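A closer look at the structure
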Amino acid sequence: MPFGAGGVCSARSITYMPAMSSIRPWRDIARRTSRQIMVGSVPVGGNAPITVQTMTNTLTSDAVATIDQIRRCEEAGADIIRVSCPDEDSTAAFAKIARAARVPLVADIHFHYKRALEAADAGAACLRINPGNIGSSERVAEVVRAAKANGCAIRIGVNAGSLEKDLLEKYGEPCPDALVESALDHIKLLQDHDFHEYKVAVKASDVFLAVAAYAQLADAVDCPLHLGITEAGGLIGGTVKSAIGIGNLLWAGIGDTIRVSLSAEPEEEVRVGYEILKSLGLRTRGVRIVSCPSCARQGFDVIRTVERLEEALGHIKTPMSVSVLGCVVNGPGEARETDIGITGGGNGKHMVYLSGVTDHHVQDDAMIAHIVELVEAKAAEIEAGTSVSMDSLHGKAA
Ligand code: SF4
């Protein structure tokens, strides 16, 4: 169970959207109803789908490399992409990058308010800037003016690693109260300038701290929340940490947009973000693979087959499912609930299930190409509306 599940909703003053009456109530998540804002053409908050973000790691001044990376992230499914703007060369390149991007871009500003003004003019859909960090009220007013004039949202990003000195002195160390107070201080500066198109993050690399801070903030404000466990680590460690932190919050109904921070390529962050959402039935995209860990009973090499299928099916965006089980112990049961199923048999001859029903056999050597063909055909049928995915029948798709 996620933290406070069951009690979390009733204890809060903010409303949590009850799920539609469901025949599988154990899968229901009551989402906190936040105010909706727009990041370019993408809605964030309210009942909009929870968006997946990532951030480029190329030199922004190298527009070609940055656009290439953005393209790869878009292909992986990123809804919003953040691009760092540490200097004037970066904001100069940003205009070209924003024109080429197919998804809205967030310009990440490092303290210097002039970069925010330049990025807003250069086509940023959102500015990631903490108004309390840029100096005078006049500067905040200038940034807000530029954001309003260009239709930009603002993302306030409080981070336990860079908390204001006065808050550290007051609280002694980064703690949920300190992160939330920092966020409220920054929010107030925007509200004082009559600006309300903002979303907020209170990130920490410590899962307990981040989750507690977000839960507290969710009670205190009605704006959309951007979730993340910052500096989470490498691909495996960071994925586990993010799945626990972000997953726990999402399960409790908190969060409108997510970024998984990994020391890995940004496309991997997008894939992990989607896997977290898919696991909770909050969003779906592409092929959901159900597969066994394999053992001595396997009729084919399950691990290598799954690796090759993941690679070969990366281009499928249609939500659907494939089960890959090494033998009849669990194969038929899983195949019954997936669109395409394969269960290992004897002598290199394996059973193929279509829409949960046994259909035909396939030989070892033809198996991968055959499954890819079946998946492509099924995806085309789903897209054409002539077929539905088993996932939607079993309530596993958002
Ligand atoms: S489904 Fe069969 S091959 Fe796979 S782990 Fe279970 S018993 Fe082993």
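On a predicted model such as this, the values are computed, not experimentally measured, just so you know. (Residues numbered from 1 in each chain as written. Predicted model: local features only at pLDDT ≥ 70, side-chain atom pairs only at ≥ 80, totals over all residues.)

Section: the overall build of the protein
For the protein, the helix and strand inventory stands at 13 helices and 17 strands. In terms of overall dimensions, the protein is globule-like: its C-alpha atoms have a radius of gyration of 23 Å, near the 21 Å expected for 398 residues. Expressed as lengths along the three principal axes of its C-alpha atoms, the size of the protein is roughly 75 × 50 × 40 Å. Evaluated residue by residue, the protein yields a buried proportion of 46% over its 398 residues. Restricting the contact set of the protein to residue pairs at least 6 apart, pairs at least 24 apart contribute 64%. (Helix = DSSP H or I, 4+ residues; strand = E, 2+ residues; numbered from the N terminus. Rg over C-alpha atoms; globule rule 2.2 N^0.38 Å. Buried ≥ 20, exposed ≤ 12 C-beta atoms within 10 Å, placed from the backbone. Contact = placed C-beta atoms within 7 Å.)

Here we look at unusual backbone geometry
Not every positive phi belongs to a glycine, and Glu-231 is a case in point at roughly 45 degrees. Positionally, Glu-231 belongs in the loop between β11 (226-227) and α8 (235-251).

A few points about the environment of Asp-89
Tracing the backbone shows Asp-89 in helix α2 (residues 88-100). Given 13 C-beta atoms within 10 Å, Asp-89 falls into the partly exposed group. Once the C-alpha coordinates of Asp-89 and Thr-60 are considered, the two residues, 29 residues apart in sequence, prove to be 7.9 Å apart.

Observations concerning the site of the ligand
Near the ligand you find Cys-292, Pro-293, Ser-294, Cys-295, Arg-297, Gln-298, Leu-325, Gly-326, Cys-327, Val-329, Asn-330 and Gly-331, and these make up its full shell. Class assignment of the residues belonging to the shell around the ligand gives a composition of six nonpolar, five polar and one charged. (Near = placed C-beta within 6 Å. Nonpolar A, V, L, I, M, F, W, Y, C, P; charged D, E, K, R; others polar.)

Description of the nonpolar core
Residues Ala-124, Leu-127, Ile-154 and Tyr-214 are the most contacted members of the largest nonpolar core, which totals 84 residues. The element best represented in this core is helix α7 (residues 207-220), accounting for eight residues. Aside from chain neighbours lying at most four places away, what touches Ala-124 is Phe-94, Ala-98, Leu-105, Val-106, Ala-107, Ala-119 and Cys-152. Counting 17 residues, the second-largest nonpolar core is a separate cluster that includes Cys-292, Leu-309, Val-322 and Ile-371. (Core = buried A, V, L, I, M, F, W, Y, C linked by C-beta atoms within 7 Å.)

Re the packing of α7 against α8
Orientation of α7 relative to α8, taken along the N-to-C sense of each, is 20 degrees, at an axis distance of 10 Å. Between α7 and α8, the angle is such that the two are roughly parallel. As for how α7 packs across α8, the hand of that crossing is right-handed. The residues of α8 that touch α7, namely those facing Val-207, Ala-210, Val-211 and Tyr-214, are Lys-241, Ile-244, Gly-245, Asn-248 and Leu-249. Of the residues in the contact of α7 with α8, the class split is six nonpolar, two polar and one charged. (Axes fitted to C-alpha atoms, helices over the stretch in contact; angles between N-to-C directions. Parallel < 35°, antiparallel > 145°, perpendicular 65-115°, else oblique. Left-handed = near helix turned anticlockwise from the far one by under 90°.)

Observations concerning the domain arrangement of the protein
Here the protein is described as being made up of domain 1 (16-279) and domain 2 (287-393). In this structure, domain 1 and domain 2 have C-alpha centres spaced 37 Å apart. (Domains from an automatic or database assignment.)

Some thoughts on the sheet that holds strand β17 (residues 357-363)
On the basis of which strands lie adjacent, the open sheet formed by five strands has the order β13-β14-β15-β16-β17 and mixed pairing. The open sheet has two edge strands with one neighbour each: β13 (287-291) and β17. Looking at each pair of strands side by side, their axes are set apart by 20 degrees on average, direction ignored. Looking at chain direction, strand β16 (residues 349-354) and β17 are connected through six bridges and run antiparallel. Residue pairing in the sheet places Leu-354 in a bridge with Val-357 of β17. (Pairing = 2+ DSSP bridges.)

As for the confidence of the model for the protein
Model confidence for the protein is summarised by a mean pLDDT of 92, while 93% of its residues fall at 70 or above. Counting interchain partners and residues more than four positions distant, the pLDDT-below-50 stretch residues 4-13 has nine contacts. (pLDDT = per-residue confidence, 0-100.)

Description of the sheet that holds strand β7 (residues 105-109)
Taken together, the eight strands give an open sheet; going across it, the order is β10-β9-β8-β7-β6-β5-β12-β11, and neighbouring strands pair in parallel fashion. Unpaired on one side and paired on the other, β10 (198-203) and β11 mark the two borders of the sheet. Strands in contact with helix α9 (residues 266-279) are β5 (51-55) and β12 (257-259); relative to β5, the strand with the most contacts, it is inclined by about 160 degrees.

Let's talk about helix α1 (residues 63-76)
Between its terminal C-alpha atoms α1 stretches 20 Å, which fits the 20 Å expected from 14 residues at 1.5 Å a residue. Listing the buried residues of α1 in full gives Thr-66, Gln-69, Ile-70, Cys-73 and Ala-76. Projected down its long axis, α1 shows its buried positions confined to an angular sector of 115 degrees, all on one face. Structurally, α1 contributes buried residues whose contacts are with β5, β6 (80-85), α2 and α9. Phi turns positive one or two residues past the end of α1, at Gly-77, with a value near 110 degrees. (Expected span 1.5 Å × (residues − 1). Arc of directions from axis to C-beta.)

Some remarks on the packing of α1 against α2
The contact between α1 and α2 brings their axes to 10 Å, and the two run at 30 degrees. The angle between α1 and α2 falls in the class roughly parallel. Relative to α2, α1 is oriented so that their crossing is right-handed. Two secondary-structure elements touch here, α1 through Ala-63, Thr-66, Ile-67 and Ile-70 and α2 through Ala-93, Lys-96, Ile-97 and Ala-100. Looking at the contact of α1 with α2 residue by residue, the class counts come to six nonpolar, one polar and one charged.

A short note on the environment of Lys-349
As for its position among the elements, Lys-349 is in strand β16. A residue is classified by how many C-beta atoms lie within 10 Å of it, and Lys-349, with 14 of them, is partly exposed. Between the alpha carbons of Lys-349 and Val-302 there is a distance of 14 Å; along the sequence they are 47 residues apart. Each residue touching Lys-349, except ones within four places of it in the same chain, is listed here: His-361 and Gln-363.

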